[in-house]
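Each chain is listed here by its residues.
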Amino acid sequence: MDQAPGSPQGPQNRESPAARELPVCYRHPDRESGIRCTRCERPICPECMVSASVGFQCPECVRGGSGTGHAPGASRPRTLAGGTVTDDPRLITKVLIGLDLALFLVQMSVGDRFTDRFDLLGQAYVPLLGSVEGVAQGQWYRMLTAMFLHGSYIHILFNMLSLWWIGGPLEAALGRARYLALYFASGLAGSALTYLIAAPNQPSLGASGAIFGLFGATAVLLRRLNYDMRPVVALLAINLIFTFNPAFNIAWQAHIGGLVAGVVVGYAMVHAPRKRRALVQYGTCALVLAAVVLMTLLRTAQLT
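Residues numbered from 1 in each chain as written. Predicted model: local features only at pLDDT ≥ 70, side-chain atom pairs only at ≥ 80, totals over all residues. Heavy atoms only, no water.

A look at the packing of aromatic side chains
How two aromatic rings sit relative to each other is given by the distance of their centres and the angle of their planes.
Link 1 in the chain: Throughout the structure, instances matching the rule amount to 6 aromatic pairs.
Link 2 in the chain: Relative to F184, the ring of F148 lies with its centre 6.2 Å away and its plane at 45°, an arrangement referred to as tilted. Of this pair, F148 sits in the loop between α4 (142-145) and α5 (153-174) while F184 sits in helix α6 (residues 176-197), and the two are 36 residues apart along the sequence.
Link 3 in the chain: Taking relative accessible area as the criterion, F148 reaches 7% and is therefore assigned buried.
Link 4 in the chain: Their ring planes at 40° and their centres at 6.4 Å tell us that F212 and F215 sit as a pair that is tilted. In this pair, F212 and F215 are both assigned in helix α7 (residues 208-224), 3 residues apart and thus about one turn of the helix distant. The same class applies to F212 and to F215, which are both buried.
Link 5 in the chain: Here a set of aromatic residues connected by ring pairs shows up, and it is made of F114, F118 and Y141.
Link 6 in the chain: In this structure, R42 is placed above the aromatic ring of Y26, and the distance from its NZ or CZ to the ring centre is 4.3 Å. (Phe/Tyr/Trp six-rings, centres within 6.5 Å; stacked < 30°, edge-to-face > 60°. Helix = DSSP H or I, 4+ residues; strand = E, 2+ residues; numbered from the N terminus. Buried < 20%, exposed > 50% of the residue type's maximum accessible area, 1.4 Å probe, protein only. Lys NZ or Arg CZ within 6 Å of the ring centre and 35° of its normal.)

Next comes the structure, spelled out in structure tokens:
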């Protein structure tokens, strides 16, 4: 499931005479911002904005309980989506990349026998294993394990670069738990659509479905923050051209399934009402997973 995804550019504000004179975030001097903390009035960028009852506060004011009447530890800084602000906002992205690289080394060391046992396969006879294998044979784990396997050095290089460029900023904006939920919901949706539509003897593998989900969620986030959408739309168009180019032999079903799931879950993450935020966010993830189960059961019934 090779792909050649572009690397999305970081969010950029629309250029205007007024924008050129905007102050910079007090924590990120390279980012302009027209938003200020409602308590200390320091400029803050979207990553540093913590939702308050009125406007946004900076992490220091929230952490110190400034003017809230609560003890310093009573309120914790929150991301735009309601997640906890952490010291290392890219930790989960680093862990995912490390896991992908570690499993790729195992693939290179053990060979095709390992890959054939864990890639996404509907139902087919596998000569190296000497038996009929696939999701239809009850090997449902393949829909998950295939998300962490890759077919070549180029494949894993592009996927890991994309995961770093897209995943890092998105993890900082959503928080770790919501980011993980988005990643796995998108990856499993891509696996389910591949299993449902692709030929049962066509193996598939790669983190592309999950990464396309992050891509879709990034577009939703940029729209929510009123950033210039042209860079992300252009990169998405380029990636889709590669996706549907037969010369690259890409499992387009995984890309489309992941992209749709990422847009749906991403919208719930950044637009959920504050009072019922967790319910809406994780409820949407549950609905996506229910769709994954439904597609899997339907395809299994067709093949058995």
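Some details on the pattern of salt bridges
Link 1 in the chain: The tally for this structure, following the rule as stated, stands at 5 salt bridges.
Link 2 in the chain: Among the ionic pairs, D228 bridges to R230, the shortest N-O distance being 2.8 Å.
Link 3 in the chain: For R230, a relative accessible area of 65% puts it in the exposed group.
Link 4 in the chain: The structure contains a network of salt bridges with shared partners spanning D119, E133 and R142. (Salt bridge = Lys/Arg side-chain N within 4 Å of Asp/Glu carboxyl O.)

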